[in-house]
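# Close look at the chain arrangement
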Amino acid sequence: MKVKVDAAKCQGNARCWTWAPNLFELNDEGYLDPGDVNVPEGEEENARRAVKSCPERALTLEE
Ligand code: SF4
């Protein structure tokens, strides 16, 4: 499972990070860097919640 980050849509409100601090790292300005985030075993549910929580729809799940 992967989470794709569309950094152009990210508004930096950190909801994703609240659900999955082990998966996402915010940069110094509070935004996610672009690219894919690999989801390790055991973090799948947190990843789903994080994707759903993003009000900007900047995150997409790839099963
Ligand atoms: S919840 Fe969405 S808008 Fe907020 S930091 Fe995460 S990816 Fe960016």
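We now turn to the structure provided with this report. Quick caveat, the model's predicted, so the values are computed rather than measured. (Residues numbered from 1 in each chain as written. Predicted model: local features only at pLDDT ≥ 70, side-chain atom pairs only at ≥ 80, totals over all residues. Heavy atoms only, no water.)

### Side note on the pattern of salt bridges
Pairing of side chains with opposite charge becomes possible as their charged atoms draw close. The condition that has to hold: Salt bridges are identified by distance alone: a Lys or Arg side-chain nitrogen within 4 Å of an Asp or Glu carboxyl oxygen. By definition, any uninterrupted DSSP run of H or I lasting at least four residues is a helix, any uninterrupted run of E lasting at least two residues is a strand, and each is numbered from the N terminus. Relative accessibility thresholds used throughout: buried, under 20% of the residue-type maximum; exposed, over 50%; partly exposed, between the two (1.4 Å probe, protein chains only).
Following the criterion strictly, the structure yields four salt bridges and no others. Here glutamate 62 and lysine 4 are joined by a salt bridge, their closest N and O atoms 3.9 Å apart. Placement of glutamate 62 in strand β3 (residues 59–62) and of lysine 4 in strand β1 (residues 2–5) is noted, with a sequence separation of 58 residues between them. With a relative accessible area of 35%, lysine 4 lands in the partly exposed category. For glutamate 45, the salt bridge identified is with arginine 48, shortest N-O distance 3.5 Å. Of the two residues, glutamate 45 and arginine 48 both sit in helix α2 (residues 44–53), three residues apart, roughly one turn of that helix. For glutamate 45, a relative accessible area of 41% corresponds to the partly exposed category. One connected set of salt bridges, linked through shared partners, spans Glu45, Arg48 and Glu63.

### Looking at the site of the ligand
This is how it is decided: To be near a molecule or strand, a residue needs just one of its heavy atoms within 4 Å of it. Whether a set of points on the 1 Å grid over the protein atoms alone is a cavity depends on a 1.4 Å probe fitting there but being unable to get out, while an open set qualifies as a pocket with protein on both sides within 12 Å along at least five of seven lines; lining residues are those with an atom within 4 Å of a point. The rule for placing a molecule in a cavity or pocket is simple: more than half of its atoms must lie within 2 Å of the grid points. Residues were grouped as follows: Ala, Val, Leu, Ile, Met, Phe, Trp, Tyr, Cys and Pro as nonpolar; Asp, Glu, Lys and Arg as charged; and all remaining residues, including Gly, as polar.
With respect to spatial proximity, the complete set of residues near the ligand consists of Cys10, Gln11, Gly12, Asn13, Ala14, Arg15, Cys16, Leu32, Cys54, Glu56, Ala58 and Leu59. When atoms are counted within 2 Å of each cavity's grid points, the one that captures over half of the ligand is the largest cavity. In terms of residue class, the shell around the ligand is made up of seven nonpolar, three polar and two charged.

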